Each structure stands twice: as structure tokens, then as C-alpha cells.
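Chain by chain, the residues:
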Amino acid sequence: MAGAGPKTYSGWWGYLGSPKQKHITSYTVSPFATKPFKGALYNSVFNTFRRTKNQFLYVALPFSIVWAVWANARDYNEYLYTKEGREELARVNV
């Protein structure tokens, strides 16, 4: 130890008069690593709602256009299989 003799004070425990230690690395664990799913269920509900709300028009407008075209084509096809529809096709295809 450091000191001149047996009755010499050399410091408190851990500071016994030695030079300060260098190159000591201490590590900590991130709170995100200790609880990776903290709040995941709560946030997933509101995140899903927010994302759906933001993407609604990008999905709803093309869907409504395609549905309107499809419904019109379906109705016109049903019309063509009636007596009036066959007469119209006969006039047009002459």
C-alpha cells in the first residue's frame, strides 16, 4: 500500500493512495433494450387508426371509381340479356 509506515493514513476504502485508474469502461443497458414491448399494445391501436385515417382517401377514391364502373357494366350486361337489350344489339350490330 501507499504510506510511510503502519500508522500512516492512506485514504478511505477504494482510494488507498494509488494513482487514478485509466481506461476503465462502464456499460449501461438501454431502457429500450430492457422493455422492448413497453406500450406496444397501446401505441399499436392509435398508430393503426392514424395510418388508416391518413391512407383512407388513397384507397377509398379508386375503390369507389372501380365499383361504380363495375356496377354500371353489370347493370348494362343484365340489360343486354333482356328483350329490349337484344333488340338494341340487333339494331347496333347491323
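So, here's what we can say about the structure. (Residues numbered from 1 in each chain as written. Predicted model: local features only at pLDDT ≥ 70, side-chain atom pairs only at ≥ 80, totals over all residues. Heavy atoms only, no water.)

Counting its secondary structure elements, the chain contains 3 helices and 0 strands. Helices and strands in the chain line up, N terminus first, as α-α-α. Here the chain, with 94 residues, has 3% of them falling under the buried criterion. Of the roughly 9,700 Å² of accessible surface on the chain, a fraction of 64% belongs to carbon and sulfur atoms. (Helix = DSSP H or I, 4+ residues; strand = E, 2+ residues; numbered from the N terminus. Buried < 20%, exposed > 50% of the residue type's maximum accessible area, 1.4 Å probe, protein only. Areas by Shrake-Rupley, 256 points an atom, 1.4 Å probe, with all protein chains shown as cover.)

With that settled, the discussion passes to the packing of helix α2 (residues 40–80) against helix α3 (residues 83–92). Look at α2 against α3: their axes get within 6 Å of each other, and the N-to-C directions meet at 90°. Taken together, α2 and α3 sit at an angle that is classed as roughly perpendicular. Judged by residue contacts, Y76, Y79 and L80 of α2 engage E84, G85, R86, E88 and L89 from α3. Residue classes in the contact of α2 with α3 are distributed as 4 nonpolar, 1 polar and 3 charged. (Axes fitted to C-alpha atoms, helices over the stretch in contact; angles between N-to-C directions. Parallel < 35°, antiparallel > 145°, perpendicular 65-115°, else oblique. Contact = heavy atoms within 4.5 Å. Nonpolar A, V, L, I, M, F, W, Y, C, P; charged D, E, K, R; others polar.)

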